[in-house]
Each structure stands twice: as structure tokens, then as C-alpha cells.
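Per-entry structural report
Here's the letter readout for the chains.
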Amino acid sequence: MVKMLLVDDSRTVRLVGRRIMDKFGFEVHEAEHGEDALKVIRDHPDIDAVLLDWNMPVMNGLDFLKALRSLPLPKQPTVMMCTTENDMDHIMLAMEAGANEYIMKPFTEDIVRDKLEVVGIL
Amino acid sequence: MDPSDYEFLSNFLMKASGLNLGEGKAYLLESRLIPVAQSLGLSGIEELVQAVKTMPTPQLKTSIIEAMTTNETLFFRDKKPFNELADLMMPKILEAKKLQRKIRIWCAASSSGQEPYSIAMQLKECIPELSAGWNVEIVATDLDNQILAKAKEGQYTQFEVQRGLSIQMLMKYFEKNDQGWQIKPEIRNCVTWKQLNLLDSFNHLGQFDVIFCRNVLIYFDTDRKKQILDRMAPQLPKHGYLVLGGAETVLGICDSFNRAKDYRAAVYNPAHAGIGLAGTASIRK
């Protein structure tokens, strides 16, 4: 079963994300910000994929991504940014930091499914 | 919807465009045609039917046909046909055309352009030798002039560019602007756009190395499907390929094509080539 971590400070976005991931049969974990997400990763180093917001309190998505990529995990998870930051500069920054895909909010179930297919999770 | 209005529109669409609506598609008619009626200042389907009966202008007919034949489409839909185009078809086509160095691909129902642009991107990505003196023409046809104009512009919304397209391809082949995302000229210029009804002659189009005719034959009845497929076969040389939608087949419809070996997508060789899985298209209903 795919283990998915949803990282977003919006409870509503996490709820919508969870509903979509439930349909795909994924095991879903949640975090409210980057620091929280790092704790989840330490507890569950076998997380397969992360759906990651950019702008969050405490630790933003980009800083989390950089920290995640420096962790000595048995297998690095696939990271899909999921953010309202939709200009080329932000996309480039995220990709350079090690993001695998990029979803521009607002998203739909179809978009999430297509992107999961693109990265080979579905 | 009044059953007589449904029957009238069903017959109208069959005669005007060959679209076989069948039974139980009232929801489809309503969802597509109520906006058309409203745009003309009519109250709904009933008044639209009256307008077609009393003032059947070409513009009115076109609006109805175009509303009914436009499909949802996404980039690299079903993936397999695009991967197999690059990995399996193209090496054989490159060999067959090494003297002419000209390749022609036809998208027979290109809708809003995602399919021809996906083909152009796939070839750029996977067959780099094409940039060295090869002439590649992708001909995209559709019944709907309005959708062709949109496709030619190559302008897509944020939602559209997230359907089937990886972020790497988006960054490489699109430019962001105030309206959304526009495909770059290097890809746009690979595609030629033409209005075409699949019930009309294909002779003026010339021959193609590959024909993509995906998810459009479902709108035609068996006789018209056969007629279209039989007329597509001569548009292909012996080394040519026909690509249908994943849920489509020529089986039981026509003998003009044989299923191509080693393909997971619905790929066919013209029967006149004498190759492929002979006999796979010979069962008639």
C-alpha cells in the first residue's frame, strides 16, 4: 500500500487531499508544516510520497524539501509540490531542491490522479 | 426532454455529422445544447429544436454540431500510444523513409490540440535525430472550426496543462502568460491545422506514416465506422500505422487493417501491407 504524507497548514486542503488519497487506497499521514512533517518522516521512514504545500508557518515547504533530501533514508520519497506559487521561478526553485512534480492550486481529483500517474505512483 | 425533440436532434446530428447519438443520451444533449440555446437567446432545447426546424442557418447547425462533438482531452492521453510511437513505430518509419527524410502524421480528431502537440513533444524528446534534416509534418484535423482555432493558438489554462503533462515538459515547452500557458512556437510550428469531416474524402490529404484516430469512431454507427476505416487504409503506405483509442477495435467492423504485433496500444497495420496479426480483423458482425 502506498504511504502518502500530506503537508499543508490548511485543514481543509488536508481533508480534500485525504479524501482523494483514500479513493486510491493509500495509507495517509498528515502534517501541518515542515517541522511536523520531518517528525512524521522520522517515525515513518518508508513514506512513499509527499504532497507538499509551499507557504506554511514554522517551516515552509521548500526548507522541508531541502531537509528531507539530506536525510539518510533507505529510499527517498517522491515529492509533489502543491501550491499557489505557480510562476516559473518558484517551479524552478522547487525542482532544483529535489521536487519530482508540481501541482498548481487549486487542484482537482483528476489533476492529482494524472500527476500521480506521471510520477509512477498510480 | 421531450422524446420527439430527442429524436429530431438525434436524426439531425446523424445526417449532418454522422454522429450516432443512440439512446439514453438526453443528459449529454442537455448539458451541451442548453448553453448553445441560451447563447442564442432561446429558453432551452425545445426552442432550439424549433429554430432548427424553422430557420436552419448554417451557423446554427454548426453551433449544434460543434457543441456535440467536442471532447475532453488531455496531454499524453493513455501514454502507451505515445511511448510506442517513439519506441516501436518510429525506428521502422525512419528506416523506411531514410531516403525521403519526410514523415507525416495525421491526428484525425485533434480537438483542442493536446494530441498533436503531445506527438510533437514526444518526437522532440525521444527522436533527437529528427532535428537533423528530417521534415516532420503533423496534420491535425477536426470537424469543429472553433476548437481548431483554439488548438492552433496553443493557449491552455492552468487546469489543462496539469492534465497528463509532467512539470518538466511544461517548463520546457510552454511559456506562462496572463491567460495561462502557451505552447512554444517550436512545437506549435510542427502542426498544420485543417477542418475536416471524417465522412468526407481524405484524398486531398495525401499519405501518412501514422494516423491517430482515437476516441472518435465511437460516435459513428458500424457502417460509417467501416466506411471511414476503409478510406483510411489507402492513406497509409505498407510501413504505416493506424492508432485507435484504447477501447476501440476494427474487429468485426472492417478487413482493412490487421492488429500490429508487439504493441500494447491499439495499433494496426494496413491489410495491404500483408503484415500484422492476420485474421484478427476478419470477423464480421
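All values derive from a computational prediction rather than experimental measurement.

**Considerations on the nonpolar core**
Ranked by internal contacts, the top residues of the largest apolar core, which has 73 residues, are M121 and F174 of chain B. In terms of residue count, helix α5 (residues 80–96) of chain B provides more of this core than any other element does, 7 residues in total. What F174 of chain B contacts, discounting residues up to four positions off in sequence, is M88 of chain A together with F75, M121, Y156, V161, L165, M169, W181, Q182, I183 and K184 of chain B. A108, C213, A233 and I253 of chain B belong to the second largest nonpolar core, which has 26 residues in total.

**Considering the pairing of strand β5 (residues 101–104) of chain A**
Residues and elements named next belong to chain A. Neither face of β5 is open: one carries E101 and I103, the other Y102 and M104, and all of them are buried. Relative to β5, strand β4 (residues 78–83) is paired through 4 bridges, and the arrangement is parallel. Note that in β5 the partner of T83 across the bridge is M104. As for the winding sense of the linkage, the β-α-β connection from β4 through helix α4 (residues 88–96) to β5 is right-handed.

**Quick word on the side chain of S112 of chain B**
Residue and element names in this part refer to chain B. Looking at where S112 falls in the secondary structure, it is placed in the loop between β1 (102–107) and α6 (114–126). Its relative accessible area of 6% is what places S112 among the buried residues. For S112, the residues in contact, after removing those within four places along its chain, are T73, I147, K150, A151 and Y156.

**Observations regarding the domain arrangement of chain B**
Residues and elements named next belong to chain B. The domains assigned to chain B are domain 1 (3–69) and domain 2 (80–273). Counting residues at the interface gives 9 residues for domain 1, matched by 10 residues for domain 2. Here domain 1 meets domain 2 over a buried area of about 850 Å², counting both sides, of which 49% is carbon and sulfur. Between the two partners, domain 1 and domain 2, sit 0 salt bridges. Residue assignment for the side of domain 1 that touches domain 2 shows that the elements contributing at least two residues are α1 (3–17) and α4 (58–69). Taken together, the residues of the side of domain 1 that touches domain 2 break down into 4 nonpolar, 4 polar and 1 charged.

**Describing the interface of chain A and chain B**
At the interface, 20 residues of chain A touch 17 residues of chain B. Carbon and sulfur atoms make up 62% of the surface buried where chain A meets chain B, a total of about 1,600 Å² over both sides. Across the pair R163 of chain B and D114 of chain A runs a salt bridge whose closest N-O atoms are separated by 2.4 Å. Our count for the chain A to chain B interface comes out at 9 residue pairs in polar contact (both at pLDDT 80 or more). Listing elements by their share of the side of chain A that touches chain B, those giving two or more residues are α4, β5 and α5 (109–118) of chain A.

**Points about helix α3 (residues 61–69) of chain A**
Residues and elements named next belong to chain A. What α3 keeps buried is the set G61, L62, F64, L65 and L68. Across the axial projection of α3, the buried residues extend over an arc of 160 degrees, all falling on one side. Each element contacted by the buried residues of α3 is listed here: α2 (34–43), β3 (49–52), β4 and α4. Sitting at the amino-terminal end of α3 is N60, which places a side-chain oxygen 3.1 Å from the backbone nitrogen of L62.

**Observations concerning the sheet that holds strand β2 (residues 27–31) of chain A**
Residue and element names in this part refer to chain A. Strands sit in the order β2-β1-β3-β4-β5 across an open sheet of 5 strands; the sheet is parallel. Whereas interior strands pair on both sides, the edge strands pair on one side only; in this sheet they are β2 and β5. Put simply, the sheet's adjacent strands are angled 20 degrees from each other on average, direction ignored.

**Section: empty space enclosed by the protein**
Residues and elements named next belong to chain A. In total, this model carries 1 cavity of 30 Å³ or more according to the counting rule given. Of the volumes computed, that of the largest cavity is approximately 60 Å³. Lining of the largest cavity is provided by L6, V7, D8, V13, R14, G17, L51, L52, D53, C82 and F107. Looking at the lining of the largest cavity, the elements that each hand over two or more residues are β1 (3–7), α1 (11–23) and β3. Looking at which element gives the most residues to the lining of the largest cavity, the answer is α1, with 3 residues. Across the lining of the largest cavity, the residue classes break down as 7 nonpolar, 1 polar and 3 charged.

**Points about unusual backbone geometry**
Of note, the amide linkage connecting K105 of chain A to P106 of chain A takes the cis form, showing an omega dihedral of 0 degrees. Mapped onto the elements of the fold, P106 of chain A is located in the loop between β5 and α5. Despite not being glycine, N215 of chain B shows a phi value in the positive range, around 60 degrees.

**Some remarks on the pattern of salt bridges**
Enumeration according to the criterion identifies 21 salt bridges over all chains in this entry. For K115 of chain A, the salt bridge identified is with E101 of chain A, shortest N-O distance 2.9 Å. With K115 of chain A in helix α5 and E101 of chain A in strand β5, this pair connects stretches of sequence that are 14 residues apart. Between R104 of chain B and E137 of chain B there is a salt bridge, with the nearest N and O atoms lying 2.8 Å from each other. With a gap of 33 residues between them, R104 of chain B in strand β1 and E137 of chain B in strand β2 (residues 135–142) connect regions that are remote in the sequence. Connected through shared salt-bridge partners, K23, E109, D110, R113 and D114 of chain A together with R163 of chain B make up one network.

Reading guide: rules and limits
- Residues numbered from 1 in each chain as written.
- Chains lettered and ligands numbered in written order.
- Predicted model: local features only at pLDDT ≥ 70, side-chain atom pairs only at ≥ 80, totals over all residues.
- Heavy atoms only, no water.
- Core = buried A, V, L, I, M, F, W, Y, C linked by side-chain atoms within 4.5 Å.
- Buried < 20%, exposed > 50% of the residue type's maximum accessible area, 1.4 Å probe, protein only.
- Helix = DSSP H or I, 4+ residues; strand = E, 2+ residues; numbered from the N terminus.
- Contact = heavy atoms within 4.5 Å.
- Pairing = 2+ DSSP bridges.
- Right-handed = clockwise from strand over helix to strand, strands pointing away.
- Domains from an automatic or database assignment.
- Buried area = accessible area lost by both parts, 1.4 Å probe.
- Salt bridge = Lys/Arg side-chain N within 4 Å of Asp/Glu carboxyl O.
- Nonpolar A, V, L, I, M, F, W, Y, C, P; charged D, E, K, R; others polar.
- Polar contact = N/O pair within 3.5 Å; in protein donor to acceptor, adjacent residues only side chain to side chain.
- Arc of directions from axis to C-beta.
- Axes fitted to C-alpha atoms, helices over the stretch in contact; angles between N-to-C directions.
- 1 Å grid on protein atoms, 1.4 Å probe; cavity = no way out; pocket = protein on both sides within 12 Å on 5 of 7 lines; lining within 4 Å.
- Points joined across faces, edges and corners; volume = space filled by probe spheres on them.

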